[in-house]
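Understanding the architecture of this molecule
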Amino acid sequence: RDEAERAARREALRESVTAIRHALRGHAGALVADAAGSGKTVLALAVAAGYDEVLVLTPAAVREQWRRAAHDAGVAVRLESHETLSRTATPASW
């Protein structure tokens, strides 16, 4: 039973990654708004793994969680917090 549940989660993740990549190609963006604990970070990192440059914009309170998750997944991302961007004079300084 546990293996079947894991297999179902992996398949759902693959389908979600495909859908988000399609949205990124067609609309230059995607929004994932699932409940807490539903795997949004894992999903985002699975999508990010297909790109050379990735900016993750996250609240400062979860920045360390994202850093660890990206490291554990082996995905290179640039992390910025909402707070950092609100203090930046111009986007060119990013």
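Rules behind the numbers
- Residues numbered from 1 in each chain as written.
- Predicted model: local features only at pLDDT ≥ 70, side-chain atom pairs only at ≥ 80, totals over all residues.
- Heavy atoms only, no water.
- Helix = DSSP H or I, 4+ residues; strand = E, 2+ residues; numbered from the N terminus.
- Contact = heavy atoms within 4.5 Å.
- Axes fitted to C-alpha atoms, helices over the stretch in contact; angles between N-to-C directions.
- Parallel < 35°, antiparallel > 145°, perpendicular 65-115°, else oblique.
- Left-handed = near helix turned anticlockwise from the far one by under 90°.

1. Focus: the side chain of Thr58
Relative to the assigned elements, Thr58 resides in strand S1 (residues 55-58). Excluding residues that lie within four positions of it along the chain, Thr58 makes contacts with Arg63, Trp66, Glu80, Ser81 and His82.

2. Topic: the packing of helix H2 (residues 40-48) against helix H3 (residues 63-73)
It is the contact of H2 with H3, at a shortest axis distance of 10 Å, that shows an interaxial angle of 50°. Considering their axes alone, H2 and H3 lie oblique with respect to each other. Once H2 is placed against H3, the crossing between them reads as right-handed. Contacts between H2 and H3 involve Thr41, Ala44 and Leu45 from the first element and Gln65, Trp66, Ala69, Ala70 and Ala73 from the second.

This is a description of form; function is not addressed.
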